[in-house]
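# Survey of secondary and tertiary structure
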Amino acid sequence: MFVCSCFGVTEQQVKQHAADGACTPRQIASACKAGTDCGGCVRRIQALLGRGACPRREQIAERPPVLVAAAEAPVRRLGDAA
């Protein structure tokens, strides 16, 4: 079944790109252009991706939040030696 009729992208192709590591509609678009023309298929792509396990999401979850890491960094002022 076609997901993106503008570029002829099928549901199976979207699922394969997801299996290869594409976790977001933007990453799917980068892989096969689906969702980049009229945008009518973006919600369907989102539904196919669901909220399943994504290797990148797991890696991101393991990292400390950026604000915490920045808060723990030493403060440098103008004129301080680098």
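On a predicted model such as this, the values are computed, not experimentally measured, just so you know.

## Focus on the nonpolar core
For soluble globular proteins, the rule of thumb is that nonpolar side chains tend to be buried together. Within the largest apolar cluster, eleven residues are counted, these being V3, C4, V9, V14, A22, I28, C32, A34, C41, I45 and L49. Among the secondary structure elements, those contributing two or more residues to this core are strand 1 (2-4), helix 2 (25-32) and helix 3 (42-49).

## Re the environment of E11
Structurally, E11 is set in helix 1 (residues 11-19). Owing to a relative accessible area of 18%, E11 belongs among the buried residues under this scheme. Note: C-alpha distance between E11 and L48 (37 residues apart in sequence) is 7.9 Å. Among residues more than four places away in sequence, those in contact with E11 are M1, V3, R44 and L48. Here the side chain of E11 touches R44 through a polar contact of 2.7 Å, side chain to side chain.

## A few points about the confidence of the model for the chain
Regions with low pLDDT carry predicted coordinates that are not meant to be interpreted in detail. Confidence in the prediction for the chain averages 81 pLDDT; 67% of positions are at 70 or higher. Mean pLDDT in the chain bottoms out at helix 4 (residues 55-62), which sits at 56, and peaks at strand 2 (residues 9-10), which reaches 97.

## Considering the packing of helix 1 against helix 2
Helix 2 packs onto helix 1 with a crossing angle of 110° between their chain directions and a minimal axis gap of 10 Å. Our classification of the angle between helix 1 and helix 2 gives roughly perpendicular. Contacts between helix 1 and helix 2 pair V14, H17 and A18 from the former with I28, A31 and C32 from the latter. Here the residues of the contact of helix 1 with helix 2 sort into five nonpolar, one polar and no charged.

## Looking at the pattern of salt bridges
Scanning the model with the defined rule gives two salt bridges in all. One salt bridge connects K15 with E11, and the closest N-O pair in it is separated by 3.2 Å. Highlighted residues: K15 and E11, both in helix 1, separated by four residues, approximately one helical turn. Using a relative accessible area of 42% as the deciding quantity, one classes K15 as partly exposed. The partner of R44 in a salt bridge is E11, and the shortest N-O contact between them spans 2.7 Å. Residue R44 is located in helix 3, and its partner E11 is located in helix 1; the two are separated by 33 residues in the primary sequence. Under the relative-accessibility criterion, R44 is labelled partly exposed at 36%.

Rules of the game
Residues numbered from 1 in each chain as written. Predicted model: local features only at pLDDT ≥ 70, side-chain atom pairs only at ≥ 80, totals over all residues. Heavy atoms only, no water. Core = buried A, V, L, I, M, F, W, Y, C linked by side-chain atoms within 4.5 Å. Buried < 20%, exposed > 50% of the residue type's maximum accessible area, 1.4 Å probe, protein only. Helix = DSSP H or I, 4+ residues; strand = E, 2+ residues; numbered from the N terminus. Contact = heavy atoms within 4.5 Å. Polar contact = N/O pair within 3.5 Å; in protein donor to acceptor, adjacent residues only side chain to side chain. pLDDT = per-residue confidence, 0-100. Axes fitted to C-alpha atoms, helices over the stretch in contact; angles between N-to-C directions. Parallel < 35°, antiparallel > 145°, perpendicular 65-115°, else oblique. Nonpolar A, V, L, I, M, F, W, Y, C, P; charged D, E, K, R; others polar. Salt bridge = Lys/Arg side-chain N within 4 Å of Asp/Glu carboxyl O.

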